[in-house]
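One-letter residues, chain by chain:
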Amino acid sequence: MPMDSSTLDHLVTALVPSLSRSLAEQFNVFRVMHHGTHEKQLSNVFAWLLRPEATHGFGDSFQRLFIEQVNRGLAEGDQVPPVGYRVLQEVDTSAHDDPGKDIADIVLTNASASIVVENFESSDGHGHGYYRYLAYGATGGKRSIVVLLCARRERHLQTDGWENAVVVTYAELLDRLATHVEGDAARRRTHPQQSSSSTRCRNASWRVPVL
(Lines give C-alpha, C1' and ligand atoms only; values in the text may rest on other atoms or scores of the structure.)
Protein backbone atom coordinates (compact mmCIF):
# COMPACT_ATOMS: atom_id res chain seq x y z
CA MET A 1 0.00 0.00 0.00
CA PRO A 2 1.49 3.41 -0.93
CA MET A 3 2.43 5.81 1.82
CA ASP A 4 0.33 8.91 1.09
CA SER A 5 1.55 12.40 1.92
CA SER A 6 -0.78 12.82 4.91
CA THR A 7 0.54 9.63 6.55
CA LEU A 8 4.16 10.67 6.09
CA ASP A 9 3.34 14.22 7.20
CA HIS A 10 1.82 12.88 10.46
CA LEU A 11 4.74 10.51 11.07
CA VAL A 12 7.39 13.20 10.67
CA THR A 13 5.56 16.02 12.45
CA ALA A 14 4.86 13.67 15.37
CA LEU A 15 8.62 13.58 15.92
CA VAL A 16 9.95 16.87 14.55
CA PRO A 17 8.97 20.38 15.69
CA SER A 18 8.49 23.22 13.26
CA LEU A 19 11.02 26.01 13.44
CA SER A 20 10.02 29.33 14.98
CA ARG A 21 8.14 31.76 12.77
CA SER A 22 11.03 33.90 11.64
CA LEU A 23 13.01 34.70 8.54
CA ALA A 24 14.84 31.39 8.99
CA GLU A 25 13.91 28.47 6.73
CA GLN A 26 10.60 26.95 7.82
CA PHE A 27 10.01 23.21 8.17
CA ASN A 28 7.67 21.89 5.50
CA VAL A 29 7.39 18.14 4.93
CA PHE A 30 6.37 18.62 1.30
CA ARG A 31 9.45 20.73 0.61
CA VAL A 32 11.55 17.98 2.18
CA MET A 33 9.94 15.30 -0.02
CA HIS A 34 10.20 17.34 -3.25
CA HIS A 35 8.66 15.34 -6.11
CA GLY A 36 8.92 11.87 -7.61
CA THR A 37 8.11 8.31 -6.64
CA HIS A 38 7.18 7.18 -3.14
CA GLU A 39 10.62 5.56 -2.83
CA LYS A 40 12.30 8.86 -3.73
CA GLN A 41 10.11 10.75 -1.26
CA LEU A 42 11.12 8.42 1.57
CA SER A 43 14.77 8.71 0.56
CA ASN A 44 14.41 12.51 0.73
CA VAL A 45 13.01 12.30 4.26
CA PHE A 46 15.69 9.92 5.54
CA ALA A 47 18.49 11.92 3.89
CA TRP A 48 17.08 15.09 5.47
CA LEU A 49 17.04 13.45 8.92
CA LEU A 50 20.61 12.22 8.38
CA ARG A 51 21.95 15.72 7.66
CA PRO A 52 23.01 17.34 10.96
CA GLU A 53 22.61 20.85 9.56
CA ALA A 54 19.03 20.32 8.31
CA THR A 55 15.90 22.01 9.69
CA HIS A 56 14.71 19.08 11.84
CA GLY A 57 16.62 20.33 14.89
CA PHE A 58 18.09 16.94 15.86
CA GLY A 59 21.66 17.86 14.95
CA ASP A 60 23.65 14.67 14.39
CA SER A 61 21.39 12.52 16.62
CA PHE A 62 19.60 10.70 13.80
CA GLN A 63 22.86 10.12 11.94
CA ARG A 64 24.27 8.55 15.11
CA LEU A 65 21.17 6.35 15.50
CA PHE A 66 21.44 5.20 11.90
CA ILE A 67 25.17 4.40 12.13
CA GLU A 68 24.63 2.56 15.42
CA GLN A 69 21.99 0.42 13.70
CA VAL A 70 24.36 -0.26 10.79
CA ASN A 71 27.17 -1.19 13.19
CA ARG A 72 24.88 -3.72 14.88
CA GLY A 73 24.86 -5.62 11.59
CA LEU A 74 28.66 -5.71 11.30
CA ALA A 75 31.16 -8.07 12.88
CA GLU A 76 33.03 -6.86 15.93
CA GLY A 77 36.02 -4.84 14.81
CA ASP A 78 34.39 -3.89 11.49
CA GLN A 79 32.28 -1.03 12.86
CA VAL A 80 32.54 2.40 11.25
CA PRO A 81 32.77 5.81 12.99
CA PRO A 82 29.45 6.82 14.60
CA VAL A 83 29.18 10.35 13.17
CA GLY A 84 30.80 12.91 10.88
CA TYR A 85 29.37 11.85 7.52
CA ARG A 86 28.46 14.00 4.54
CA VAL A 87 25.13 12.91 3.05
CA LEU A 88 24.64 12.60 -0.73
CA GLN A 89 21.65 11.47 -2.79
CA GLU A 90 21.13 9.90 -6.20
CA VAL A 91 24.80 8.92 -6.58
CA ASP A 92 25.98 7.20 -9.75
CA THR A 93 28.04 4.20 -8.59
CA SER A 94 28.92 3.00 -12.10
CA ALA A 95 32.51 2.66 -13.25
CA HIS A 96 33.65 4.68 -16.26
CA ASP A 97 33.49 1.67 -18.57
CA ASP A 98 29.99 0.56 -17.49
CA PRO A 99 27.39 0.78 -20.26
CA GLY A 100 24.69 2.28 -17.99
CA LYS A 101 24.18 4.05 -14.71
CA ASP A 102 23.52 2.44 -11.33
CA ILE A 103 22.15 5.01 -8.90
CA ALA A 104 22.39 4.61 -5.12
CA ASP A 105 19.64 6.39 -3.18
CA ILE A 106 21.80 7.73 -0.31
CA VAL A 107 25.54 7.75 0.37
CA LEU A 108 27.13 8.74 3.69
CA THR A 109 30.84 9.41 3.44
CA ASN A 110 33.70 10.69 5.59
CA ALA A 111 37.51 10.47 5.44
CA SER A 112 37.66 6.77 6.34
CA ALA A 113 34.34 5.14 5.39
CA SER A 114 31.42 5.22 3.00
CA ILE A 115 27.95 3.77 3.52
CA VAL A 116 26.06 3.18 0.28
CA VAL A 117 22.30 2.85 0.84
CA GLU A 118 19.65 1.28 -1.37
CA ASN A 119 16.14 2.22 -0.21
CA PHE A 120 13.30 -0.13 -1.22
CA GLU A 121 10.18 -1.61 0.36
CA SER A 122 11.79 -5.04 0.83
CA SER A 123 15.37 -6.19 1.45
CA ASP A 124 15.92 -6.66 -2.26
CA GLY A 125 18.57 -5.15 -4.52
CA HIS A 126 15.89 -5.11 -7.26
CA GLY A 127 18.35 -5.00 -10.13
CA HIS A 128 21.03 -2.81 -8.59
CA GLY A 129 24.61 -4.07 -8.36
CA TYR A 130 25.79 -4.91 -4.84
CA TYR A 131 29.41 -5.26 -5.92
CA ARG A 132 29.22 -2.00 -7.86
CA TYR A 133 27.94 -0.23 -4.74
CA LEU A 134 30.67 -1.88 -2.66
CA ALA A 135 33.40 -0.83 -5.10
CA TYR A 136 32.11 2.73 -5.24
CA GLY A 137 32.18 2.98 -1.43
CA ALA A 138 35.76 1.71 -1.38
CA THR A 139 37.00 4.52 -3.64
CA GLY A 140 40.08 6.14 -2.12
CA GLY A 141 40.75 3.14 0.11
CA LYS A 142 37.75 3.79 2.36
CA ARG A 143 35.92 1.16 4.40
CA SER A 144 32.84 0.35 2.31
CA ILE A 145 29.47 -0.74 3.73
CA VAL A 146 26.37 -1.47 1.64
CA VAL A 147 23.00 -1.08 3.37
CA LEU A 148 19.47 -2.09 2.41
CA LEU A 149 17.04 0.41 4.00
CA CYS A 150 13.58 -1.11 3.78
CA ALA A 151 10.11 -1.62 5.25
CA ARG A 152 10.56 -5.35 5.75
CA ARG A 153 13.21 -8.07 5.72
CA GLU A 154 12.82 -10.75 3.04
CA ARG A 155 16.06 -12.70 3.12
CA HIS A 156 15.10 -14.99 0.25
CA LEU A 157 15.22 -11.95 -2.05
CA GLN A 158 18.80 -11.12 -1.07
CA THR A 159 20.86 -12.67 -3.86
CA ASP A 160 23.74 -11.68 -6.14
CA GLY A 161 25.77 -10.30 -3.25
CA TRP A 162 22.89 -8.55 -1.48
CA GLU A 163 22.92 -11.31 1.15
CA ASN A 164 26.07 -9.56 2.41
CA ALA A 165 24.36 -6.18 2.84
CA VAL A 166 23.41 -4.79 6.24
CA VAL A 167 19.61 -4.58 6.53
CA VAL A 168 18.03 -1.67 8.43
CA THR A 169 14.24 -1.29 8.58
CA TYR A 170 12.20 1.91 8.76
CA ALA A 171 10.51 0.72 11.95
CA GLU A 172 13.85 0.10 13.70
CA LEU A 173 15.10 3.58 12.87
CA LEU A 174 11.93 5.47 13.67
CA ASP A 175 11.39 3.52 16.89
CA ARG A 176 14.89 4.53 18.00
CA LEU A 177 14.16 8.14 17.03
CA ALA A 178 10.93 8.11 19.05
CA THR A 179 12.85 6.69 22.04
CA HIS A 180 15.44 9.44 21.63
CA VAL A 181 12.72 12.13 21.62
CA GLU A 182 11.04 10.65 24.70
CA GLY A 183 14.36 10.54 26.56
CA ASP A 184 15.34 14.14 25.81
CA ALA A 185 13.84 16.11 28.72
CA ALA A 186 15.03 19.47 27.40
CA ARG A 187 13.44 18.80 24.02
CA ARG A 188 10.19 17.71 25.66
CA ARG A 189 10.03 20.99 27.57
CA THR A 190 10.80 23.02 24.46
CA HIS A 191 8.46 21.09 22.15
CA PRO A 192 5.70 19.53 24.33
CA GLN A 193 3.34 18.96 21.39
CA GLN A 194 5.84 16.81 19.49
CA SER A 195 6.73 14.90 22.67
CA SER A 196 3.07 14.11 23.28
CA SER A 197 2.52 13.07 19.66
CA SER A 198 5.57 10.81 19.74
CA THR A 199 4.33 9.06 22.88
CA ARG A 200 0.87 8.53 21.37
CA CYS A 201 2.44 7.03 18.24
CA ARG A 202 4.53 4.63 20.32
CA ASN A 203 1.59 3.64 22.53
CA ALA A 204 -0.50 2.94 19.43
CA SER A 205 2.27 0.65 18.09
CA TRP A 206 2.39 2.56 14.80
CA ARG A 207 4.00 0.95 11.82
CA VAL A 208 5.44 2.44 8.65
CA PRO A 209 3.31 1.41 5.65
CA VAL A 210 5.04 -0.31 2.75
CA LEU A 211 5.74 1.70 -0.37
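Calculation notes
Residues numbered from 1 in each chain as written. Predicted model: local features only at pLDDT ≥ 70, side-chain atom pairs only at ≥ 80, totals over all residues. Heavy atoms only, no water. Salt bridge = Lys/Arg side-chain N within 4 Å of Asp/Glu carboxyl O. Helix = DSSP H or I, 4+ residues; strand = E, 2+ residues; numbered from the N terminus. Buried < 20%, exposed > 50% of the residue type's maximum accessible area, 1.4 Å probe, protein only. Phe/Tyr/Trp six-rings, centres within 6.5 Å; stacked < 30°, edge-to-face > 60°. Axes fitted to C-alpha atoms, helices over the stretch in contact; angles between N-to-C directions. Parallel < 35°, antiparallel > 145°, perpendicular 65-115°, else oblique. Left-handed = near helix turned anticlockwise from the far one by under 90°. Contact = heavy atoms within 4.5 Å. Nonpolar A, V, L, I, M, F, W, Y, C, P; charged D, E, K, R; others polar. Core = buried A, V, L, I, M, F, W, Y, C linked by side-chain atoms within 4.5 Å. Polar contact = N/O pair within 3.5 Å; in protein donor to acceptor, adjacent residues only side chain to side chain.

Draft legend 1. Up close: the pattern of salt bridges. A full pass over the atoms with the stated rule returns six salt bridges. Between Arg153 and Glu172 there is a salt bridge, with its nearest N and O atoms 2.8 Å apart. Remark: Glu172 occurs in helix H6 (residues 170–183) and Arg153 occurs in the loop between strand S4 (143–150) and strand S5 (166–169); sequence separation between them is 19 residues. Classification of Arg153 by relative accessible area gives partly exposed; the value is 37%.

Draft legend 2. Region of interest: the packing of aromatic side chains. This structure, assessed with the given rule, holds five aromatic pairs. Relative to Tyr170, the ring of Phe46 lies with its centre 5.3 Å away and its plane at 25°, an arrangement referred to as stacked. Here the residue Phe46 occupies a position in helix H3 (residues 38–50), and Tyr170 occupies one in helix H6, the gap between them amounting to 124 residues. Residue Phe46 is classed as buried on the basis of its relative accessible area, which comes to 4%. Classification of Tyr170 by relative accessible area gives buried; the value is 1%.

Draft legend 3. Highlighting the packing of helix H4 (residues 61–72) against H6. Following both chains from N to C, one finds H4 and H6 inclined at 130°, their axes separated by 10 Å at the closest point. Relative to H6, H4 is oriented oblique. Considering only the axes of H4 and H6, their crossing is right-handed. On H6, the residues touching Ser61, Phe62, Leu65, Phe66, Glu68, Gln69 and Arg72 of H4 are Glu172, Leu173, Arg176, Leu177 and His180. Here the contact of H4 with H6 is composed, by residue class, of five nonpolar, three polar and four charged.

Draft legend 4. Just the nonpolar core, in detail. Among the nonpolar cores identified, the biggest contains 34 residues, and Phe66, Leu108, Ile115 and Val147 are the most heavily contacted of them. Counting only elements with at least two residues in this core, the list comes to H3, H4, strand S2 (103–109), strand S3 (113–119), S4, S5 and H6. Sort the elements by how many residues they give to this core and H3 lands first, with seven residues. Ignoring any residue separated from it by four or fewer positions in sequence, one finds Phe66 in contact with Leu50, Leu108, Ile115, Val117, Val147 and Leu173. In this structure, Val91, Tyr130, Leu148 and Trp162 belong to the second largest nonpolar core, which totals twelve residues.

Draft legend 5. Structural view of unusual backbone geometry. The backbone of Glu90 shows a phi angle near 50°, a positive value even though the residue is not glycine. For Glu90, the location among the structural elements is in strand S1 (residues 86–92). Accessibility expressed as a relative area gives 40% for Glu90, which makes it partly exposed. In the Ramachandran plot, Asp160 falls in the positive-phi region, its phi being about 55° despite a non-glycine side chain. Structurally, the position occupied by Asp160 is in the loop between S4 and S5. When its relative accessible area of 65% is taken as the criterion, Asp160 is described as exposed.

Draft legend 6. Geometry of the environment of Arg153. Remark: the alpha-carbon pair of Arg153 and Val167, spanning 14 residues in sequence, is separated by 7.3 Å. Those residues in contact with Arg153 that sit more than four places away from it in its chain are Ser123, Val167, Thr169 and Glu172. Side-chain polar atoms of Arg153 contact the backbone oxygen of Val167, separated by 3.1 Å. Within the structure, Arg153 has its side chain in polar contact with the side chain of Glu172 (distance 2.8 Å).

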